[in-house]
Amino acid sequence: LEIRQCAACGLGVVATLPDGTDQYYGDDYYLGGGCSGYEDYQFMAEHGLGWAAALVQLLAKGCRILDIGCADGFLLNKLPAAFEKFGIEVNEKAATQAMTRGVHILGRDLLAPNLAESYRAKFDVVTSIAVFEHLLDFRGGFKAAMSMIKDDGFLLFEVPVMSSTASNSAWLQGSFEHIYYPTEASIRYIINAEPDFQLIGSEVQIKDYASTYIGIVT
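Residues numbered from 1 in each chain as written. Predicted model: local features only at pLDDT ≥ 70, side-chain atom pairs only at ≥ 80, totals over all residues. Heavy atoms only, no water.

Draft legend 1. Summary view of helix α6 (residues 138–147). Within α6, eight of the 10 residues are buried, which leaves the element mostly enclosed by the surrounding structure. Residues F138, G140, G141, F142, A144, A145, M146 and S147 constitute the buried set of α6. Between the side-chain oxygen of the N-cap and the backbone nitrogen of R139 there are 3.4 Å, and the N-cap of α6 in question is D137. (Buried < 20%, exposed > 50% of the residue type's maximum accessible area, 1.4 Å probe, protein only. Helix = DSSP H or I, 4+ residues; strand = E, 2+ residues; numbered from the N terminus. Polar contact = N/O pair within 3.5 Å; in protein donor to acceptor, adjacent residues only side chain to side chain.)

Now the structure itself:
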């Protein structure tokens, strides 16, 4: 696929946006066997989401939390019962599994009309781990997520980032369902454009793989 990059902030995007992304996220996306997705989702989740659950528990105690792209509820299931747990998940089977774990599913698409507005300032914590790059509107995803946190709440997110110092081949050669290829500069540009929000974050290099950006927005 051709990827075009903004000369100002560095945000990359596929040259031709698909009409929709549902076709990428069938059941084999989590179960393996498809052209994209996870060979072993449970293994990935343990290593790729456990840190986020631990960080949430350090920063918040017993509150309303929304996990965008919650899959089967793995991250939320790591949190104690004192948290009231909500999720958004595109795959119906995974969403059903999350519900059996006590997760209230708000919908399938963060960018669905009126979804974010219906839950404006309703959550103490919103998490989005490796989700925004999959959306048809990268900036719109951030704005929707940020609108749903309370004034004293926070958004914890992670996205793959195009690094200027580390290899990017893992993102360019193996993540074919990604729509956007952000840089650290583009992330800061998007969030700093919203005057009420502040960002702290950093590129994190994953050994023998690629880099991600982990950030907290308040």
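Draft legend 2. Up close: the pattern of salt bridges. In this structure the tally under the stated criterion is seven salt bridges. In this structure, R120 engages E117 in a salt bridge whose closest nitrogen and oxygen atoms are separated by 2.9 Å. Using a relative accessible area of 44% as the deciding quantity, one classes R120 as partly exposed. Judged by its relative accessible area of 47%, E117 falls in the partly exposed class. Put simply, E184 and R188 hold a salt bridge, and the shortest N to O gap is 3.5 Å. Linking E184 with R188, this pair stays in helix α8 (residues 184–192), spanning four residues, or about one helical turn. For E184, a relative accessible area of 27% translates into the label partly exposed. R188 gets classed as partly exposed once you look at its relative accessible area, which sits at 28%. (Salt bridge = Lys/Arg side-chain N within 4 Å of Asp/Glu carboxyl O.)

Draft legend 3. Broad picture of the packing of aromatic side chains. Summed over all chains, the structure comprises nine aromatic pairs. Ring geometry for F86 against F123: centres 5.2 Å apart, planes inclined by 65°, an arrangement best described as edge-to-face. Of the two residues, F86 is situated in strand β4 (residues 84–88) and F123 in strand β6 (residues 123–129); the sequence distance between them amounts to 37 residues. Accessibility classification places F86 together with F123 in one group, the buried group. Judged by centre distance (5.3 Å) and plane angle (75°), the ring pair of F138 and F142 falls under edge-to-face. Taken together, the residues span about one helical turn, with F138 and F142 both in helix α6 at a distance of four residues. (Phe/Tyr/Trp six-rings, centres within 6.5 Å; stacked < 30°, edge-to-face > 60°.)

Draft legend 4. Looking closely at the sheet that holds strand β2 (residues 12–14). One open sheet holds the three strands; their spatial order is β1-β2-β8, and the pairing between them is antiparallel. This sheet does not close on itself; its edge strands, each paired only once, are β1 (3–5) and β8 (180–181). (Pairing = 2+ DSSP bridges.)

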